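Structural features, examined
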Amino acid sequence: MSHAPAGTEPAQPPPGDDHAFFGQPRGLMTLSGLEVWERFSFLGMQAILVLFFADKVSSDGLGMDPGTAASVSAAYGTLVYLVSVAGGWLADRILGSYRAVLYGGILIACGHYAMAVPTATMTWVGLGLISAGTGLLKPNVASMVGKLYRTEDQRRDAGFALYYMGINIGAFAGPLVTGWLGDHAGWHWGFSAAAFGMTLGLIQYVAGRRHLAGRKHTAEYALAPGPMRRAVLMIVGGIVVAALVATALALAGWLTMDRFVDLLTLVSVIAPVVYFAVMFRSPRVTPEERGRLRPYVVLFLASVVFNFILFQAYSTMMLLASTNARTEIFGFHFPASWYASALGAFEVALAPVVAAVWVRMGPRQPHVSNKIAIGVILGGLSFLLMVIPTSGHSGETYRMAAWWIVGSYLLLGLGDILLETSGMSATTKLAPQAFASQTMALWFLSLALANGIQAQIVKLYGEVSNPAYFGVNGAIAVAAGVAVIAAAPWLKRTMHPVH
């Protein structure tokens, strides 16, 4: 039994934990396990969500046209990443990381259970709960991984590599299970599997809590009791007022689904503009830091372009696979949603290879801006590749070979490895010191903006030809990547000392 004072726990895990998990702290197993199941549930649900939206009402779908289905799916992603910005602040100031992740996981599980109920109302309730829960959980798990290591610990990078491998294992396994259930038993059975997975993740998270560093009941930068009470009241009051206003506007017929999607897109555009304006004008930002913010804006926009393509792996690419791709390889038939698993599989397989290449190249490896640019170009090429099998065809009467979509996901997965790892690293190094604790928020804003733009552009899917849709979007991404390479001399000079 612990002899810590009542209401407290030791801030550090037991000494024997330090090398208990493949030479890493045992807490890494707890957090990686949580992320396996969180990604299993989130991306497993995401893989079938757009298909559920677009399926006929008679087949338990919502009967949306393809463009609207993809747009609503993207708007859901926008909401998730916008809430993630607030989730980091709530953990820092009110809840603490451990409780933020725990409460977030509970909300996610409740959301998936709600979506298992076969009614449209429970679908929207479930998506709202998942958005709020993911916003609490996602930005805080990575920070808890960082707390397992001292600043000078050489195992940190290897630990994060294991952590991200867990993410991709979940991304690979989730669509396999939910896709099979959705195809053979019904969409809501697929959502049930996502709920079960998140529940398993929560159980092992709570069971392994003593192995986590810094698991205090209070927030790391907690507000004083008075301001905290006011903040909680304002947050709760704001949520209640927003819900009442939204309900009233919806009943009055003004707040339609299309207008809600447009509102989220508008917020996703305004938020990063305001965020950057605050940083550029803040007296706490030095002239040198302000100089490094300028090249970061370029990298931020490159991230938006790439993730605009990446997130469509779970929307337009899923719709294309369900209508115009063969669902068999070597005589084995599979659900169209299984294509989404290819992305996670490629990232699990390629991440160690890319890391080994960078280590072997040492100081000769490309500058971080060029790594990001190459990632953007690969994302564009993944869409340009789809122009070939879709050209000369229309409607749903033709079926392309499975290897076309698998090849597209190979390019996309490699691009994701190059961009995400380099982008997060650049974010932590280029952000002003006064905003260091909010670097994850800055990164999530790029993902929110990518989804917000996607929510508008995907409305064209099904309205224009597939070669035109994938060709134009892919060409824009390639052009953006080439532009970043062209700006490399300026970026290298202004990003110093980031290499």
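**Regarding the pattern of salt bridges**
- Per the stated rule, a full pass over the model turns up four salt bridges.
- Where Lys 138 meets Glu 35, a salt bridge forms, and the shortest distance between an N and an O atom there is 3.1 Å. Separated by 103 residues along the polypeptide, Lys 138 in helix H4 (residues 120-146) and Glu 35 in helix H1 (residues 26-54) bring together distant segments of the chain. Pair check on accessibility: Lys 138 and Glu 35 agree, each one buried.

**A word on the layout of surface pockets**
- By volume, the second largest pocket is sized at about 1,500 Å³.
- Around the second largest pocket, the lining comprises 39 residues; the ones closest to its centre are Leu 79, Gly 128, Ile 239, Ala 243 and Phe 260.
- Counting residues per element, the ones that place at least two in the lining of the second largest pocket are helix H2 (66-95), H4, helix H7 (225-251) and helix H8 (257-281).
- Among the elements that line the lining of the second largest pocket, the one with the most residues is H2, at eleven residues.
- Residue composition of the lining of the second largest pocket, by class: 32 nonpolar, seven polar and no charged.

**Remarks on the nonpolar core**
- With 94 residues, the main nonpolar core has Met 45, Tyr 339, Ile 405 and Tyr 409 as its most contacted residues.
- Once you skip the residues sitting within four places of it in the chain, Met 45 turns out to touch Phe 40, Tyr 76, His 112, Met 115, Leu 127, Ile 130, Thr 178, Phe 191 and Ala 194.
- The next biggest cluster of nonpolar side chains, apart from the first, holds 22 residues, and it includes Leu 28, Leu 31, Leu 102 and Leu 202.

**Remarks on a nonpolar patch on the surface**
- A surface patch of nonpolar side chains, amounting to about 740 Å² of accessible area, comprises Trp 124, Met 257, Phe 260, Leu 263, Leu 266, Val 267, Ile 270, Val 274 and Val 278.
- Looking at the nonpolar patch element by element, the count peaks at eight residues for H8.
- Take Leu 266: it is sitting in helix H8.

**Describing helix H16 (residues 466-486)**
- For H16, which comprises 21 residues, the first-to-last C-alpha distance of 30 Å matches the rise-based estimate of 30 Å (1.5 Å per residue) to within 8%.
- Listing the buried residues of H16 in full gives Asn 466, Pro 467, Tyr 469, Phe 470, Gly 471, Asn 473, Gly 474, Ala 477, Val 478, Gly 481 and Val 484.

**Let's talk about the packing of aromatic side chains**
- As enumerated under the stated definition, the model contains 19 aromatic pairs in all.
- With 6.0 Å between their ring centres and 55° between their planes, Phe 330 and Trp 403 make a pair best called tilted. Of this pair, Phe 330 sits in the loop between strand S1 (328-329) and strand S2 (332-333) while Trp 403 sits in helix H14 (residues 402-430), and the two are 73 residues apart along the sequence. For the pair Phe 330 and Trp 403, one class covers both residues: exposed.
- In textbook terms, an aromatic cluster arises when at least three aromatic residues are bridged by ring pairs, as seen for Phe 52, Phe 53, Trp 124 and Phe 191.

**Regarding the environment of Ala 477**
- Structurally, Ala 477 is set in helix H16.
- Ala 477 sits in the buried class, given a relative accessible area of 2%.
- Along the primary structure Ala 477 and Ile 309 are separated by 168 residues, whereas in three dimensions their C-alpha atoms are 8.0 Å apart.
- For Ala 477, the contacting residues outside a window of four places in its chain are Val 305, Ile 309, Val 376 and Gly 380.

**Topic: the side chain of Thr 265**
- Locating Thr 265 in the fold gives a position in helix H8.
- Apart from the residues lying within four places of it in its own chain, the contact partners of Thr 265 are Gly 452, Ala 455 and Gln 456.

**Focus: empty space enclosed by the protein**
- Under the criterion given, the structure shown has one cavity of 30 Å³ or more.
- If you go around the largest cavity, the residues you meet are Gln 46, Ser 73, Ala 74, Phe 311, Tyr 314, Ser 315, Asn 451 and Gln 454.

**Some remarks on the side chain of Asn 324**
- Mapped onto the secondary structure, Asn 324 falls in helix H10 (residues 316-324).
- In terms of polar contacts, Asn 324 uses its side chain to reach the side chain of Thr 323, at 2.9 Å.

**Some words on H4**
- With 27 residues, H4 should reach 39 Å at 1.5 Å per residue; the first-to-last C-alpha distance of 40 Å fits that figure.
- When the local axis directions of H4 are compared, the greatest deviation, roughly 25°, occurs at Thr 134.

**What about the packing of helix H3 (residues 97-115) against H4?**
- Running from amino to carboxyl end, H3 crosses H4 at an angle of 155°, the nearest separation of the two axes being 7 Å. Classified by the interaxial angle, the pair formed by H3 and H4 is roughly antiparallel. Where H3 crosses over H4, the two elements pack in a sense that is left-handed.
- Taken together, the residues of the contact of H3 with H4 break down into 18 nonpolar, eleven polar and no charged.

**Observations concerning unusual backbone geometry**
- One non-glycine residue, Asp 60, adopts positive backbone phi at about 75°.
- Residue class for Asp 60 comes out partly exposed when judged on its relative accessible area of 45%.

**Re the environment of Phe 346**
- Here Phe 346 is to be found in helix H11 (residues 339-361).
- C-alpha of Phe 346 to C-alpha of Thr 30: the two residues are 316 residues apart in sequence and 24 Å apart in space.
- Setting aside residues up to four positions removed in sequence, Phe 346 forms contacts with Val 406, Tyr 409, Leu 410 and Ile 417.

**With respect to the environment of Tyr 149**
- Within the fold, Tyr 149 resides in the loop between H4 and helix H5 (156-184).
- On the basis of relative accessibility, which here comes to 6%, the residue Tyr 149 falls in the buried class.
- With 280 residues separating them along the chain, Tyr 149 and Lys 429 place their C-alpha atoms 18 Å apart.

Cut-off values and rules
- Residues numbered from 1 in each chain as written.
- Predicted model: local features only at pLDDT ≥ 70, side-chain atom pairs only at ≥ 80, totals over all residues.
- Heavy atoms only, no water.
- Salt bridge = Lys/Arg side-chain N within 4 Å of Asp/Glu carboxyl O.
- Helix = DSSP H or I, 4+ residues; strand = E, 2+ residues; numbered from the N terminus.
- Buried < 20%, exposed > 50% of the residue type's maximum accessible area, 1.4 Å probe, protein only.
- 1 Å grid on protein atoms, 1.4 Å probe; cavity = no way out; pocket = protein on both sides within 12 Å on 5 of 7 lines; lining within 4 Å.
- Points joined across faces, edges and corners; volume = space filled by probe spheres on them.
- Nonpolar A, V, L, I, M, F, W, Y, C, P; charged D, E, K, R; others polar.
- Core = buried A, V, L, I, M, F, W, Y, C linked by side-chain atoms within 4.5 Å.
- Contact = heavy atoms within 4.5 Å.
- Patch = residues over 30% accessible without salt bridge, like charges linked within 9 Å, V, L, I, M, F, W, Y side chains within 5 Å.
- Areas by Shrake-Rupley, 256 points an atom, 1.4 Å probe, with all protein chains shown as cover.
- Expected span 1.5 Å × (residues − 1).
- Phe/Tyr/Trp six-rings, centres within 6.5 Å; stacked < 30°, edge-to-face > 60°.
- Polar contact = N/O pair within 3.5 Å; in protein donor to acceptor, adjacent residues only side chain to side chain.
- Bend = angle between axes of the 7 residues up to and from the residue.
- Axes fitted to C-alpha atoms, helices over the stretch in contact; angles between N-to-C directions.
- Parallel < 35°, antiparallel > 145°, perpendicular 65-115°, else oblique.
- Left-handed = near helix turned anticlockwise from the far one by under 90°.

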